[in-house]
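Coordinate inspection notes
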Amino acid sequence: MGRGPKRGHRAVPHTADVRVEAWAPDREGCLAEAVRAAVETFVDVSGAGPGTEATVDVPAGDDADLLVGVLDEVIFRLETEGTLPVATDVTVRPDGGLRVRWRVVDTDAVQPVGAVPKAVSLHELRFGPDEHGWSCAVTLDV
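First things first, this report covers the structure right here in the doc. All of these numbers come straight from a predicted model, not from anything done at the bench. Counting restarts for each chain, with residues numbered from 1 along the sequence as it is written. Reporting in this predicted model follows two pLDDT cut-offs: at least 70 for local features of residues, and 80 or more for side-chain atom pairs to be given and counted; totals over whole chains, interfaces and linings ignore these cut-offs and use all residues. For side-chain calculations, the full set of non-hydrogen atoms in the structure is used, while hydrogens and water are omitted.

To continue, consider the nonpolar core. Definition used in this section: a nonpolar core is a set of buried Ala, Val, Leu, Ile, Met, Phe, Trp, Tyr and Cys residues joined via side-chain atoms within 4.5 Å. Think of it in three bands: with a 1.4 Å probe and only protein chains considered, a residue is buried below 20% of the maximum accessible area for its type, exposed above 50%, and partly exposed in between. Core analysis: the biggest nonpolar cluster contains 42 residues, and Leu 67, Leu 98, Val 100 and Trp 102 have the highest contact counts within it. Strands here are runs of E lasting at least two residues and helices are runs of H or I lasting at least four, both read from the DSSP assignment and numbered beginning at the N terminus. Where this core is concerned, the elements lending two or more residues are strand S2 (18–24), helix H1 (27–40), strand S4 (52–58), helix H2 (63–81), strand S5 (83–92), strand S6 (98–106), strand S8 (119–130) and strand S9 (133–141). Residue contacts follow a heavy-atom distance rule, with two residues in contact if any of their heavy atoms lie within 4.5 Å. Ignoring sequence-local partners within four residues, the contact set of Trp 102 consists of Val 35, Thr 52, Glu 53, Ala 54, Val 56, Val 70, Glu 73, Val 74, Arg 77, Pro 85, Ala 87 and Thr 88.

Right, dumping it as structure tokens:
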């Protein structure tokens, strides 16, 4: 994956769904970038206010399971609470799971720009270390 800065994300062309790529020097940073990439595919958060803090613990698992777990939680909260993360911080818990802290806003506070994802696809899911740190690519079913 050709990329510029040490940390970032982008949407990439995909036939019917949405595909995002993210990268960072470490695994937790890459997860945070993946969340940001996923959210930016369907809303503009630039005008969102300060929001509130929300925390979720993701059980220990392999790297791909952790990525799917975090993104599934974004979709779940969107569907059940009408909230979206506008900032993400990921840390490792002592048991190997993750603690994800989000600054969340109500969907009324953001501007729609694309199709809302319904699920995380396991097809062609990639998440792991590379020559620059960590990177991932994931498809979101819309």
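Turning our attention to the side chain of Arg 93. Checked against the element boundaries, Arg 93 lands in the loop between S5 and S6. At 2.5 Å, the side chain of Arg 93 forms a polar contact with the side chain of Asp 95. When residues no more than four places from it in sequence are discounted, the contact partners of Arg 93 are Asp 57, Val 58, Pro 59, Leu 98 and Arg 99. Polar contact is defined as a pair of N or O atoms within 3.5 Å, subject to the rule that within protein one atom must be able to donate a hydrogen and the other to accept it, and that residues adjacent in sequence are counted only when both atoms are side-chain atoms.

Attention now goes to the packing of aromatic side chains. Aromatic rings from Phe, Tyr and Trp, with only the six-membered ring used for Trp, were paired whenever their centres fell within 6.5 Å, and each pair was classed as stacked if the ring planes differed by under 30 degrees, edge-to-face if by over 60, and tilted otherwise. Overall, the coordinates contain one aromatic pair when judged by the stated rule. Ring geometry for Phe 127 versus Trp 134: centroids 5.4 Å apart, planes at 55°, classification tilted. Exposure class is identical for Phe 127 and Trp 134. Each is buried.

A few words on the sheet that holds S4. As summarised here, the arrangement of the three strands in space is S4-S6-S5, forming an open sheet in which the pairing is antiparallel. Where the open sheet ends on each side, the last strands, each with one partner, are S4 and S5. Going from strand to strand, the sheet's axes swing by 25° on average, the running direction of each strand aside. Paired strands are those between which DSSP finds at least two bridges. Across seven bridges, the pairing between S4 and S6 is antiparallel. In the sheet register, Ala 54 faces S6, and the bridge partner there is Trp 102. The angle between two axes is taken between their N-to-C directions and runs from 0 to 180 degrees, where each axis is a line fitted to C-alpha atoms and a helix contributes only its stretch in contact. Across the face of the sheet, H1 comes into contact with S5 and S6 while running at roughly 170° to S5.

This part takes up the side chain of Glu 28. Along the polypeptide, Glu 28 turns up in helix H1. Judged by its relative accessible area of 18%, Glu 28 falls in the buried class. With residues up to four places along the chain from it excluded, the contact list for Glu 28 reads Val 90, Thr 91 and Val 92.

What follows concerns the environment of Val 138. In this fold, Val 138 is placed in strand S9. In this structure Val 138 comes out as buried when scored by relative accessible area, which is 0%. Sequence separation between Val 138 and Leu 122 is 16 residues; the distance between their C-alpha atoms is 7.7 Å. Not counting residues up to four positions away in its chain, the partners in contact with Val 138 are Val 18, Arg 19, Val 20, Leu 67, Leu 71, Val 120, Ser 121 and Leu 125.

Where charged atoms from two side chains of opposite charge come close, those side chains can pair. What counts as a salt bridge is simple: a side-chain nitrogen of Lys or Arg found within 4 Å of a carboxyl oxygen of Asp or Glu. Counting across every chain of the model gives 10 salt bridges. Between Arg 27 and Glu 28 there is a salt bridge; the shortest N-O distance is 3.2 Å. The buried category is assigned to Arg 27, whose relative accessible area is 14%. A salt bridge links Arg 99 to Asp 57, with the shortest nitrogen-to-oxygen separation between them at 2.7 Å. You can see Arg 99 sitting in strand S6 and its partner Asp 57 sitting in strand S4, a full 42 residues away along the chain. Taken together, the salt bridges that share partners define one network made up of Asp 57, Arg 93, Asp 95 and Arg 99.

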